[in-house]
Amino acid sequence: MAGRKSTKLYIPQPADNCTLVGILEQLEPDKPANGKRVALILHGTMGHKDYLFQKRLAMRLPLDSFRFDFRGSHESGGPWRYSGFAEDVQDLVTVVAFLRDNYGYEIDMVVGHSRGSVVGMHWLCTSEEGKRVTAMVNVSGRYRMHRIYDQMCTYKDAFDTMGYYEWKVSVARKQLLQRVYPKDLEEFASWDTGIVWDNFPPTTNVLTVHGLADGVVPVYDAVIYARAFGSRAPGTHVLHLMEDADHNFTGRQDEVVDVILEWLEGHHSGALVTGVLRTGIRGRL
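Anyway, here's the lowdown on the structure attached to this text. (Residues numbered from 1 in each chain as written. Predicted model: local features only at pLDDT ≥ 70, side-chain atom pairs only at ≥ 80, totals over all residues. Heavy atoms only, no water.)

### What about the overall build of the protein?
Within the protein, the secondary structure is distributed over 8 helices and 11 strands. Its C-alpha radius of gyration of 18 Å places the protein within 12% of the 19 Å reference for a compact globule of 285 residues. Dimensions of the protein along its principal axes, counting C-alpha atoms only, are 60 × 45 × 35 Å. Buried positions account for 54% of the 285 residues belonging to the protein. Pairs at least 24 residues apart make up 74% of the contacts formed inside the protein by residues separated by at least 6 positions. For the protein, the computed accessible surface area is about 13000 Å², with 51% contributed by carbon and sulfur atoms. (Helix = DSSP H or I, 4+ residues; strand = E, 2+ residues; numbered from the N terminus. Rg over C-alpha atoms; globule rule 2.2 N^0.38 Å. Buried < 20%, exposed > 50% of the residue type's maximum accessible area, 1.4 Å probe, protein only. Contact = heavy atoms within 4.5 Å. Areas by Shrake-Rupley, 256 points an atom, 1.4 Å probe, with all protein chains shown as cover.)

Here it is in structure tokens:
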């Protein structure tokens, strides 16, 4: 029997006449994928398919997985937009259709970091396939989109003098320069995350992981998601806050993976209840 197999896939995105690039991890590549469960792993802004905990998680998940670069990110073509949530959702729809039509996969799990979480939750709320997803992991997901204006001091001088802000960042060890315009902040702030209250699948179990030292997305956003998802049944919501962890969980990548796998074991065994992860277990002081 063949062992694990990693395959790079090139998926046409007709919306921008570009190609989305991703990695399919198969546990038993010699067996037909038709009807198999697969997990999708979604990166955040200025991220890519292999950064932070994404690749590490893919290599340890007990099911097949697919992680990819959103449009304009790393190896995927097309334009990048700071407020391109709608384009990201469109990319996700394209990827799901490709995996379904070419492999017969059923999307069973979605794991998102930051922007990827927001996109993944929106897809679950608005698609037929999303209604059948049994597990969602929300890592560092933003709820109060208007709080992006908390960072206005970063952009103001550049907006006033040039009409845009030049964002210099390193992605996969490559230096990139992207432009952010005032309209990008407006569109970002207006993205509707409140859709989860009425449209999120009632049967999907959710894990929210957030760092208590997150300086990008306030920790209280995790509490809001806990309130939204914790009110559903039979779906559960489990919250896990990591002390001293920042937005990207710097130096804590394996711990994030451990937490997700621990929760996933409870998901598969039917042992999950809404609340805080490891309730009743004494923590370190």
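### Description of the layout of surface pockets
Computed from the structure, the largest pocket encloses a volume of approximately 780 Å³. Forming the walls of the largest pocket are 34 residues, and the residues nearest its centre are T45, M46, Y51, W167 and N248. Every element with two or more residues in the lining of the largest pocket is listed here: α3 (115-126), α4 (152-162) and β7 (165-171). Per-element accounting of the lining of the largest pocket gives the leading share, 5 residues, to β7. For the lining of the largest pocket, the per-class residue count stands at 17 nonpolar, 13 polar and 4 charged. Reported here for the second largest pocket is a volume of approximately 390 Å³. Taken together, 14 residues make up the lining of the second largest pocket; nearest its centre are H240, L241, R278, G283 and R284. Ranked by residues supplied to the lining of the second largest pocket, first place goes to strand β10 (residues 237-242) with 4 residues. Residue composition of the lining of the second largest pocket, grouped by class: 6 nonpolar, 2 polar and 6 charged. (1 Å grid on protein atoms, 1.4 Å probe; cavity = no way out; pocket = protein on both sides within 12 Å on 5 of 7 lines; lining within 4 Å. Points joined across faces, edges and corners; volume = space filled by probe spheres on them. Nonpolar A, V, L, I, M, F, W, Y, C, P; charged D, E, K, R; others polar.)

### Remarks on the packing of aromatic side chains
With the rule as written, the count across this model stands at 16 aromatic pairs. Their ring planes at 25° and their centres at 5.4 Å tell us that F85 and W191 sit as a pair that is stacked. With a gap of 106 residues between them, F85 in helix α2 (residues 85-103) and W191 in the loop between α5 (182-190) and α6 (196-199) connect regions that are remote in the sequence. When sorted by exposure, F85 lands in the same class as W191, which is buried. Through a chain of ring-to-ring contacts, the aromatic side chains of W80, Y82, F85, Y155, F159, Y165, W167, F188 and W191 assemble into a single cluster. Geometry around F85 places R115 over its ring, the cationic atom sitting 5.0 Å from the centre. The cationic tip of R179 hangs over the ring face of Y164; the distance from NZ or CZ to the ring centre is 4.0 Å. (Phe/Tyr/Trp six-rings, centres within 6.5 Å; stacked < 30°, edge-to-face > 60°. Lys NZ or Arg CZ within 6 Å of the ring centre and 35° of its normal.)

### Let's talk about the environment of Q54
Here Q54 shows up in helix α1 (residues 54-60). Given a relative accessible area of 1%, Q54 falls into the buried group. Expressed as a C-alpha distance, the spacing of Q54 and W80, which sit 26 residues apart in the sequence, is 20 Å. Ignoring anything within four residues of it in the chain, the contact list for Q54 reads I41, L42, H43, K49, R67 and H113.

### Quick notes on the pattern of salt bridges
Here the structure, examined in full by the defined rule, presents 25 salt bridges. Between D88 and R115 there is a salt bridge, with the nearest N and O atoms lying 2.7 Å from each other. Of this pair, D88 sits in helix α2 while R115 sits in helix α3, and the two are 27 residues apart along the sequence. With respect to class, D88 is no different from R115; both count as buried. Ionic pairing is found between K156 and D160, a salt bridge with its closest N-O pair at 2.8 Å. (Salt bridge = Lys/Arg side-chain N within 4 Å of Asp/Glu carboxyl O.)

### Quick word on the sheet that holds strand β1 (residues 5-13)
If you trace the 9 strands from one edge of the open sheet to the other, you get β1-β2-β4-β3-β5-β6-β9-β10-β11, paired in mixed fashion. Strands with a single pairing partner mark the edges of an open sheet, and in this sheet they are β1 and β11 (275-276). Contacts from helix α7 (residues 220-230) reach β6 (135-139), β9 (205-211) and β10 within the one sheet, and its direction differs from that of β10 by about 165°. Across the face of the sheet, helix α8 (residues 253-269) comes into contact with β3 (37-42), β5 (106-113), β6, β9 and β10 while running at roughly 160° to β9. (Pairing = 2+ DSSP bridges. Axes fitted to C-alpha atoms, helices over the stretch in contact; angles between N-to-C directions.)

### Here's the deal with the nonpolar core
In this structure, L40, F66, L99, I107, V196 and F200 are the most contacted members of the largest nonpolar core, which totals 53 residues. Setting aside its immediate chain neighbours within four residues, F200 contacts M121, L124, C125, M136, I195, V206, F229 and R232. Counting 29 residues, the second largest nonpolar core, distinct from the first, contains L52, A135, V238 and I260. (Core = buried A, V, L, I, M, F, W, Y, C linked by side-chain atoms within 4.5 Å.)

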